[in-house]
Amino acid sequence: MALKNLKYRFGTSAGGPNLEEGLAWLAENDFHYTDFNADHSANVLSSWTDERVKAVRALCDKHDIHLGIHTLSAVNISDFSPYMSEAVDAYLAANIDLGKRLGVQRVIVHA
């Protein structure tokens, strides 16, 4: 029983050109927890149509994958730097909004 549940204690980052490829790898290798970054390539914040969100949610549900978003740590200094704090707030809000749409369990930010 303990070994059966052990697979739920490990995770990885879903990298690659798009999240869907990373989720497919996770499913094939029996991983159930992952985080991804929505700042680059096909995963960029502006690329998430309603259809894509629905497809990713279905893939996660089908394979019992618990998804999270991991924001860039580069925003650390910007959150209190003059003129940058509003941009950081908008960046974090956009990640949180995407997280809500995807039904993620966590949004990891660096304070």
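Our subject is the structure listed above.
Quick notes on the rules
Residues numbered from 1 in each chain as written. Predicted model: local features only at pLDDT ≥ 70, side-chain atom pairs only at ≥ 80, totals over all residues. Heavy atoms only, no water. Helix = DSSP H or I, 4+ residues; strand = E, 2+ residues; numbered from the N terminus. Buried < 20%, exposed > 50% of the residue type's maximum accessible area, 1.4 Å probe, protein only. Contact = heavy atoms within 4.5 Å. Areas by Shrake-Rupley, 256 points an atom, 1.4 Å probe, with all protein chains shown as cover. 1 Å grid on protein atoms, 1.4 Å probe; cavity = no way out; pocket = protein on both sides within 12 Å on 5 of 7 lines; lining within 4 Å. Points joined across faces, edges and corners; volume = space filled by probe spheres on them. Nonpolar A, V, L, I, M, F, W, Y, C, P; charged D, E, K, R; others polar. Phe/Tyr/Trp six-rings, centres within 6.5 Å; stacked < 30°, edge-to-face > 60°. Lys NZ or Arg CZ within 6 Å of the ring centre and 35° of its normal. Core = buried A, V, L, I, M, F, W, Y, C linked by side-chain atoms within 4.5 Å. Pairing = 2+ DSSP bridges. Right-handed = clockwise from strand over helix to strand, strands pointing away. Arc of directions from axis to C-beta.

## Here we look at the overall build of the protein chain
Okay, step 1: For the protein chain, the count of helices and strands is 4 helices and 4 strands.
Okay, step 2: In the protein chain, the succession of helices and strands from N to C terminus is α-β-α-β-α-β-α-β.
Okay, step 3: Looking at the protein chain as a whole, 30% of its 111 residues are labelled buried.
Okay, step 4: Counting only contacts in the protein chain whose residues sit at least 6 apart along the sequence, the fraction spanning at least 24 positions is 69%.
Okay, step 5: As presented, the protein chain carries roughly 6,900 Å² of accessible surface, and 58% of it is formed by carbon and sulfur atoms.

## With respect to the layout of surface pockets
Okay, step 1: Space inside the largest pocket adds up to approximately 160 Å³.
Okay, step 2: Taken together, Arg 57, Cys 60, Asp 61, Asp 64, Ile 65, His 66, Leu 67, Leu 102, Gly 103, Val 104 and Gln 105 make up the full set of residues lining the largest pocket.
Okay, step 3: Mapped by element, the contributors of at least two residues to the lining of the largest pocket are α3 (50-63) and β3 (66-70).
Okay, step 4: Counting residues per element, the lining of the largest pocket draws most heavily on α3, at 3 residues.
Okay, step 5: The residue inventory of the lining of the largest pocket, partitioned by class, reads 5 nonpolar, 3 polar and 3 charged.

## Describing the packing of aromatic side chains
Okay, step 1: This model, assessed by the stated rule, comprises 2 aromatic pairs.
Okay, step 2: Ring geometry for Phe 36 versus Trp 48: centroids 5.8 Å apart, planes at 50°, classification tilted. Linking Phe 36 in strand β2 (residues 33-36) with Trp 48 in the loop between β2 and α3, this pair joins segments that are 12 residues apart in sequence. Trp 48 shares its class with Phe 36; the two are buried.
Okay, step 3: In this structure, Arg 52 packs its charged tip against the face of Trp 48, placed 3.8 Å from the ring centre.

## Some points on the nonpolar core
Okay, step 1: Formed by 15 residues in total, the largest nonpolar core has its most connected members in Leu 23, Phe 36, Trp 48, Val 56, Leu 67 and Leu 102.
Okay, step 2: Within the residue set of this core, elements represented by two or more residues are α2 (19-28), α3, β3 and α4 (85-102).
Okay, step 3: Apart from residues lying up to four places away in sequence, Leu 23 is in contact with Thr 34, Val 56, Leu 59, Cys 60, Ile 65 and Leu 67.

## Concerning the pairing of β2
Okay, step 1: Direction of pairing for β2 relative to β3: parallel, over a ladder of 4 bridges. Bridge assignment links Thr 34 to a residue of β3, and that residue is Leu 67.
Okay, step 2: You can see the chain leave β2, run along α3 and come back into β3, and the turn it takes is right-handed.

## Digging into α2
Okay, step 1: Those residues of α2 that fall on the buried side of the exposure criterion are Leu 19, Gly 22, Leu 23 and Leu 26. All buried residues of α2 project into a common sector of 100° when viewed along the axis, lining one side.
Okay, step 2: Asp 30 occupies a position one or two residues after α2 and carries a positive phi of about 60°.

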